[in-house]
Amino acid sequence: EEVPDAVIPAASKKITSISSPLRAIIRLRRRYQGLKKSRLHLELPREKPAEFVHTRLLQRQLSLNRTSLYSPSMSFFNQSGFESSQYFTFDTSVEHYSVKKCRRKKSRRKSRMVLYPDKTKKYLPAEEKSKAKRCLLLLIAIIFFQILNAIENLDDNLQKYDLDGLEKTMHREVFGQKAAVESIVELLKDYLATHIHNKPLVISLNGPTGVGKSHVGWVLAKHFRSVMDSDFVLQYFVMHHCPSGVAPLACEIDLSKKISDVVTRAEIEEKTPVFILDEVELMSPVLLDTLSRFFEPNQTNEFLNAIYILISNLGGAEITKFVIQNASTELLQQQRGAEELLSIIQPVLVGVHPLWKAADIIPFVLLEKAHVINCFLEQMRREGLYPDQKHIESLANQLSYYTTGDKQYSRMGCKQVGAKFNLL
């Protein structure tokens with residue numbers, strides 16, 4: 001079929017009505033197509049079969065006729081572009097070949113691998129490290145060093161007060177009170193491990209007379225005076241510092257002033273003062289009220305860092321009864337026995353004054369006859385005398401005892417040992 005002549009003037013009229021930018025676009029398109037055809041012409045194979053060329057020509061002509069039927073304007077563009085091209089070919093396989101070649105080049109670029117020489121080392125690519133991970137590791141290191149520093153400070157405090165030496169001394173010089181000595185040392189170690197506390201440490205030593213309570217107070221005072229200073233240790237004997245003829249108000253003022261002065265000096269030196277109060281059962285209610293105010297947790301820091309040792313015979317009758325009743329059993333050496341004894345003593349002490357609610361109560365049990373003999377041996381050693389076992393046993397037999405089964409408990413403990421020794 002041939003294209004009718006009436007179609008061409010209609011297409012030319014439409015082109016004249018198109019604006020100048022569209023004409024510029026058409027000119028650029030034509031120039032681009034011309035350059036493209038010239039580039040493809042250079043890449044064409046030199047020889048082509050005649051039948052192959054004729055077939056391509058017919059296909060091209062048919063495609064142009066179809067476009068002219070559906071769109072006259074587009075057929076005009078194609079014809080004009082076709083007529084204006086300097087180089088022309090009907091072989092469309094060339095375009096397909098060039099496009100395929102460009103795609104192959106792009107794919108090669110994407111999948112390109114780096115080939116290392118044989119002698120070089122191969123390293124994995126370095127991963128980019130997260131800053132948050134570095135900050136987390138730094139925080140963990142800081143916390144670790146702080147914990148290590150705190151542990152070293154705990155060891156320094158314990159070494160400063162030499163509590164290991166105190167424990168050895170008490171086990172060597174205090175007889176028959178192994179459980180009480182271990183409890184005292186454990187409380188001191190826990191409290192003196194740091195200088196920051198939320199309440200004072202109050203230890204109450206209770207038991208019958210002659211079982212070693214005052215002797216423990218004397219050992220504690222001697223030890224802390226040697227490791228700190230005598231200015232930071234106060235021993236207060238009620239019968240000596242507050243006799244029966246002195247007004248309770250004057251004793252209260254004197255005791256408050258003594259405690260305040262020691263606490264103030266200890267705070268300056270960053271030390272923990274020790275107050276050993278003997279014969280507490282003889283204190284008036286006014287003095288007990290004064291002490292209870294120092295035991296309260298809502299005080300200034302210097303008054304929270306203090307150790308109070310209360311020594312009294314309160315609860316001695318209950319302890320004696322409990323020991324005699326359970327002498328034939330192993331309850332005294334068990335933890336259950338200690339808890340049961342403590343449950344008996346604590347209501348008695350709290351009934352005297354509420355200040356014992358804030359205290360750690362440590363009961364001192366009765367001494368056996370073997371412990372009394374050890375007291376005689378220690379007394380002779382202090383006097384520089386040669387110990388005579390037979391003579392010591394004869395002196396020990398002169399004391400009175402509670403007899404239960406095969407065990408004998410001294411009624412007065414080691415209190416009469418000094419008097420008997422002076423008769424030698």
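Residues numbered from 1 in each chain as written. Predicted model: local features only at pLDDT ≥ 70, side-chain atom pairs only at ≥ 80, totals over all residues. Heavy atoms only, no water.

## Remarks on the packing of aromatic side chains
What describes a pair of aromatic rings is the distance from one ring centre to the other and the angle between the planes of the rings. Threshold: Stacked, tilted and edge-to-face are the three classes applied to pairs of Phe, Tyr and Trp rings, where Trp contributes its six-membered ring and a pair requires centres within 6.5 Å; stacked means planes under 30 degrees apart, edge-to-face means over 60, and tilted covers the rest. Strands are runs of DSSP state E lasting at least two residues, helices are runs of H or I lasting at least four, and both sets are numbered from the N terminus onward. Any residue under 20% of the maximum accessible area for its type is buried, any over 50% is exposed, and the rest in between are partly exposed; the area is computed with a 1.4 Å probe on protein chains only.
As enumerated under the stated definition, the model contains four aromatic pairs in all. Between the aromatic rings of F275 and Y308, the centroid separation amounts to 5.0 Å while the plane-to-plane angle is 20°, which identifies the pairing as stacked. Residue F275 is found in strand β3 (residues 274-278), and its partner Y308 is found in strand β4 (residues 307-312); the two are separated by 33 residues along the sequence. Note on accessibility: F275 and Y308 belong to one class, buried. Ring centres of F295 and Y308 lie 4.9 Å apart, and the angle between their planes is 65°; on these two criteria the pair is classed as edge-to-face. A residue pair is termed long-range when its members are at least 10 positions apart, and F295 in the loop between α12 (285-294) and α13 (301-304) and Y308 in strand β4 qualify at 13 residues. A relative accessible area of 5% means that F295 is categorised as buried.

## Concerning the packing of helix α7 (residues 163-173) against helix α8 (residues 178-192)
The axes of two packed helices give the description: the angle between them and the distance between them. Formally: Axes, fitted as lines to C-alpha atoms, cover a helix only where it is in contact. Angles between the N-to-C directions of the axes lie from 0 to 180 degrees. Angles are sorted into four bins: roughly parallel if under 35 degrees, roughly antiparallel if over 145, roughly perpendicular if 65 to 115, and oblique for all others. By convention, the crossing between two helices is left-handed when the near helix turns anticlockwise from the far helix through less than a right angle, and right-handed when the turn is clockwise. Any pair of residues with heavy atoms lying within 4.5 Å of one another is described as a contacting pair. Note on residue categories: nonpolar means Ala, Val, Leu, Ile, Met, Phe, Trp, Tyr, Cys or Pro, charged means Asp, Glu, Lys or Arg, and polar means any other residue, Gly included.
Orientation of α7 relative to α8, taken along the N-to-C sense of each, is 170°, at an axis distance of 10 Å. When the axes of α7 and α8 are compared, the pair comes out roughly antiparallel. By crossing handedness, the relation of α7 to α8 is classed as right-handed. Residues L163, D164, L166, E167, M170 and H171 of α7 pack against K178, V181, E182, I184, V185, L188, K189 and L192 of α8. In terms of residue class, the contact of α7 with α8 is built from eight nonpolar, one polar and five charged.

## A closer look at the pairing of strand β6 (residues 401-404)
Filter applied, for reference: A pair of strands is considered paired only if DSSP assigns at least 2 bridges between the two.
Across four bridges, the pairing between β6 and strand β7 (residues 407-410) is antiparallel. Bridge pairing in β7 places Y402 opposite Y409. Linking two consecutive strands that pair antiparallel, namely β6 and β7, is a turn of two residues; a positive phi of about 70° is found at G405 within it.

## As for the pattern of salt bridges
Our working rule: Any carboxyl oxygen of Asp or Glu within 4 Å of a side-chain nitrogen of Lys or Arg constitutes a salt bridge here.
In total, this model carries seven salt bridges according to the counting rule given. For the salt bridge of E167 with K189, the shortest nitrogen-to-oxygen distance reads 3.6 Å. On the criterion of sequence distance, the pair formed by E167 in helix α7 and K189 in helix α8 is long-range, its members being 22 residues apart. By relative accessible area, E167 is classed as partly exposed at 23%. With a closest N to O distance of 3.1 Å, K257 and D261 form a salt bridge. Note that K257 and D261 are positioned in helix α11 (residues 248-269) at a spacing of four residues, about one turn of the helix. Here the salt bridges do not stand alone but share partners, grouping D164, E167 and K189 into one network.

## Some remarks on the sheet that holds strand β2 (residues 233-237)
Across the sheet, which stays open at both edges, the five strands sit in the order β2-β3-β4-β1-β5 with parallel pairing between neighbours. The open sheet terminates on both sides in strands that have one partner only, identified here as β2 and β5 (360-363). Sheet twist, expressed as the mean angle between neighbouring strand axes with direction ignored, is 15°. Against the sheet, helix α15 (residues 335-352) engages β1 (201-206) and β5, with an angle of about 120° to β5.

## Structural notes on the nonpolar core
Note the cut-off: What we call a nonpolar core is a set of buried Ala, Val, Leu, Ile, Met, Phe, Trp, Tyr and Cys residues that are connected through their side-chain atoms within 4.5 Å.
Counting 38 residues, the largest nonpolar core has Y236 and M283 as the members making the most contacts within it. Where this core is concerned, the elements lending two or more residues are β2, α11, β3, α12, β4, α14 (316-325) and α15. For this core, the element with the highest residue contribution is α11, accounting for five residues. Beyond its immediate chain neighbours, meaning those up to four positions away, Y236 contacts H241, C242, C251, D254, L255, K258, I276, L277, D278, M283 and L287. Core analysis: the second largest hydrophobic core is formed by 32 residues, L192, V233, A266 and I309 among them.

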